[in-house]
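# Secondary and tertiary structure notes
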Amino acid sequence: MSLIKHFLIIFSTNTLIACYIKLSFCGRFMLTSSELIQAIQKYDPNLNVDLVRKAYIFSMEAHGMQKRASGSPYFYHPAEVARILTEQLHMDYTTVIVGLLHDVLEDTNVGFEELEEIFGSEIAFLVEGVTKLSHIKYTSSQVKQSESYQKFIIAVTHDIRVLIVKLADRLQNMRTLSYIKSEEKRRRIAIETLDLYAPLAERIGMNGIKDEIADIAFFTLHPNEYRAISTKLEHIRNQDNNFVQNTILELQKVLSKDEIPCSINGREKTPYSIWKKMQKRNIGLDQIYDIIAFRIIVQSVKECYAALGVVHTNFRIIPGRFKDYISIPKLNNYRSLHTTVIGTGNQPIEIQIRTEDMHRMAEEGIAAHWSYKNGDLIGKVGETQNYAWLKRLIAIIKNSPDPYEVLDNSKLEMFDDEVFCFTSKGDLITLPKGATGVDFAYEIHTDLGNTCIGVRINGKLVPLKTVLKNGDRVDIITSPYQHPEATWEDFVVTGKARSCIRKFVKSQEKGEFISLGFQLSRYIFAEMNIQFSEDLILYEKFCCDSLTKFYYNMGKGLIPLKLFRSTLLNIEGNNITFNDTSICLIDFIPDIAVHFSKCCCPILGDKIIGILQANKGLIIHQTTCRSMEESCEAFIRVKWNQDDNIETSFMARLQIIMLNHKDSFAAITNIISSNNANISNLKIEHRTTEFFSLLVDISVTDIAHLGEIQAALRACSKVKSVKRL
Ligand code: MN
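Residue positions are counted from 1 within each chain, in the order its sequence is given. With the structure being a predicted model, the display of local features is reserved for residues of pLDDT at least 70 and the display and counting of side-chain atom pairs for 80 or more, all residues being used for whole-chain, interface and lining totals. Side-chain calculation: all heavy atoms of the structure are included, whereas hydrogens and water are not.

Before going further, it helps to examine the pairing of strand β2 (residues 292–298). Exposure categories follow from relative accessible area, calculated using a 1.4 Å probe and restricted to protein chains: below 20% of the type maximum is buried, above 50% is exposed, and the middle band is partly exposed. By definition, any uninterrupted DSSP run of H or I lasting at least four residues is a helix, any uninterrupted run of E lasting at least two residues is a strand, and each is numbered from the N terminus. Within β2, seven of the seven residues are buried, leaving the element largely enclosed by the surrounding structure. In this analysis, strands are considered paired if DSSP registers two or more bridges between them. Inspection of the sheet shows strand β1 (residues 263–268) paired to β2 by six bridges, in the antiparallel sense. Counterpart to Asn265 in the pairing with β2 is Arg295. Pairing of β2 with strand β6 (residues 348–355) involves six bridges; the strand directions are parallel. Residue pairing across strands places Val298 opposite Thr355, the latter belonging to β6.

Take a look at the structure:
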């Protein structure tokens, strides 16, 4: 910690000088840390001067010699974001620090732990939140996609300040968008801004930022339309040079007559909002008469209505255009009176009447809640820990009656149950909560799910059943030899994954039984010394409509072997010698048509025999297994596939009697693990003062492997006896 401090002091002086020299060519000087601190001091009484200065220097150091597309030092960008958060939005000093640091996790070597150590966990988590948002690579322009992305942004924004910093970041990026050389990239950023960030800014009432970013995006995407509207606006302005000025004067005259103190300004609509209105109402530019809105700012709510009365007595109103958002505020808390009257020169003019506070709320929205009134922070800092801001934000979004609202209530209900993740390419995948990497794989493509062998989340290899979290970047590792396992069904949550797995397992199952049935048929032919021929299988006799069905039933143990043998006998008639033959266990997937019996746990190398069991398939036992005695007739001779190179493991159970010593356990587990075997279960059977009787389940590759382990155990002085069960 002290070392880091030391470093900062040594390096910062040099870099500061270097930056000043560079920036003197840049037109606008970079905001200095002192200017920033002075600006925050004006409204935040809790300001921690040292911490802001430290963040300023830290960020400058971290970004070092990185450059922006404009050629200016990278640090110019976070410094400008801090300026927006301070001068335009009056955010608390913590948020300003987040603005300074917002790109260090993504673009520099600084890690989360370092940030947390120096600036505390609140700031570190906020920076991490902004970083998560930067993983978005939004390319599509479809409403459906835009919805998901907006939902994602809200889902990862546990603290509304993350979104506010992101919007300030986007504003700064839009202001410098023209420096980006690639037109494709400029367009992508503009689409993202128009589809995601402008609507989000509007939702939380930050209209100032919304207007500016939407307008730059509009210019980038539709330069011709932008120019056409701008030219027309200029034309209207020039037509009646003094229109705005005259209207303001006239309004001032009538209001001062009634002694209502106020300030009035005329504000032109942005080209983008005019264009949107033209599209929405399908009208031409000439038909939009509220291009200029006049704002009357008064001191109290009472004066709002008084001013409205004055306006309505002195000008002719256009019916149906009056709206009282003071009595009934918009759900993003917008409050104002709107009316349209016929003004000077017979032109319809739109008038908005509001107080100073309402005006601020209209411009800054939720950011205005962070403002200080008489030194008190409205919206206590403690609230942020309880996600109160997020809840409020969601409430705003949820209740908005705006017809343009993309998120309707039914979708929001689902929203709590969703998780938003990215592919390595940055595409957003929306899944139900609790979804795993396997669900993710199936969501992208059935084949990807069917061959999925591993999952990497944010670069780390994790078990397949790991539950995904918002913002996770997910990589699916595949293998052509992999196939879905029935056990996956226990942890997947999407219907698609479940049905794909079920379908695969079913088809696999069918294949396995058919294959077993085929092997069994050949086995019986060979046993009877008859040349195998499918023509000789009279499947109709066994109520099967096809040979495949016959094999399937045979594999399932539904064909009486005695009966099958007798049909073959009838065909050949005589000279039958019973041959010694067997079925090789090659290629069967365990636990589908071929099972290893739980009673004797055969392992590779054991002498084995199969018993055909109706509806289950072939059960493999050791020849010494006691359950053999009860069965008859359905014995099938089987053999291992000895040159099987595939790594398989078998479960073997050992009974170990050992001395009752404190280090006996350690000795035994050591021997087993040093012989490359896993203990999967361990149970104490009996315990006397002298001895323990222990049951150990271990997984081994074959009988030789098991033999080595047994020998090693017997050689141990703590062990009295070892017996395979
Ligand atoms: Mn940035």
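Resuming the write-up.
The rule for donors is simple: an N, O or S atom within 2.8 Å of the metal counts, and for Na, K and Ca the reach is 3.2 Å. Water is not among the atoms, so a site may look short of donors. Within the protein, His77 (NE2), His102 (NE2), Asp103 (OD) and Asp169 (OD) serve as the donor atoms for the manganese ion, at 2.2 to 2.3 Å. Mapped onto the polypeptide sequence, the residues donating to the manganese ion form the spacing pattern H-x24-H-D-x65-D. Comparing His102 with Asp103 shows no difference in burial state: the two are buried.

The subject of this paragraph is the state of the cysteines. When the sulfur atoms of two cysteines come within 2.5 Å, that pair is taken as a disulfide. Throughout the structure, instances matching the rule amount to zero disulfides. No disulfide involves Cys600; its sulfur sits 3.8 Å from the nearest other cysteine sulfur, which is in Cys625. Since its relative accessible area comes to 6%, Cys600 is described here as buried.

The next point concerns the packing of helix α12 (residues 207–221) against helix α15 (residues 271–281). Helix axes use the C-alpha atoms of the stretch in contact, all axes being lines fitted to C-alpha atoms, and the angles between their N-to-C directions lie in the range 0 to 180 degrees. Two numbers describe how α12 lies on α15: the axes approach to 8 Å, and their chain directions differ by 75 degrees. When the interaxial angle is binned, α12 and α15 end up roughly perpendicular. Of α15, the residues touching α12 (which contributes Ala214, Asp215 and Phe218) are Pro271, Tyr272 and Trp275. Under the scheme applied, nonpolar residues are Ala, Val, Leu, Ile, Met, Phe, Trp, Tyr, Cys and Pro; charged residues are Asp, Glu, Lys and Arg; polar residues are all the others, including Gly. Split by residue class, the contact of α12 with α15 holds five nonpolar, no polar and one charged. Here the word oblique covers every angle except those under 35 degrees (roughly parallel), over 145 (roughly antiparallel) and from 65 to 115 (roughly perpendicular). Residue contacts follow a heavy-atom distance rule, with two residues in contact if any of their heavy atoms lie within 4.5 Å.

It is worth spelling out the packing of aromatic side chains at this point. Aromatic rings from Phe, Tyr and Trp, taking only the six-membered ring of Trp, are treated as a pair when their centres fall within 6.5 Å; an angle between ring planes under 30 degrees marks them as stacked, one over 60 as edge-to-face, and anything in between as tilted. In total, this model carries 21 aromatic pairs according to the counting rule given. For the ring pair Phe550 and Phe564, a centre distance of 5.4 Å and an interplane angle of 50 degrees mean the geometry is tilted. With Phe550 in helix α24 (residues 547–555) and Phe564 in helix α25 (residues 561–572), this pair connects stretches of sequence that are 14 residues apart. Neither residue differs from the other here; Phe550 and Phe564 are each classed as buried. Members of the aromatic cluster, each reached through a chain of ring pairs, are Phe518, Phe525, Phe532, Phe542, Phe550, Tyr551 and Phe564. For Lys556, the ring lying beneath its charged end belongs to Phe513, and the centroid distance is 5.1 Å. The ring of Phe691 is capped by Lys720, whose NZ or CZ atom sits 5.0 Å from the centre of that ring. Think of it as a cone above the ring: NZ of Lys or CZ of Arg counts as a charge over the ring if it is within 6 Å of the ring centre and within 35 degrees of the ring normal.

All quantities given are derived from atomic positions and should not be read as evidence of function.
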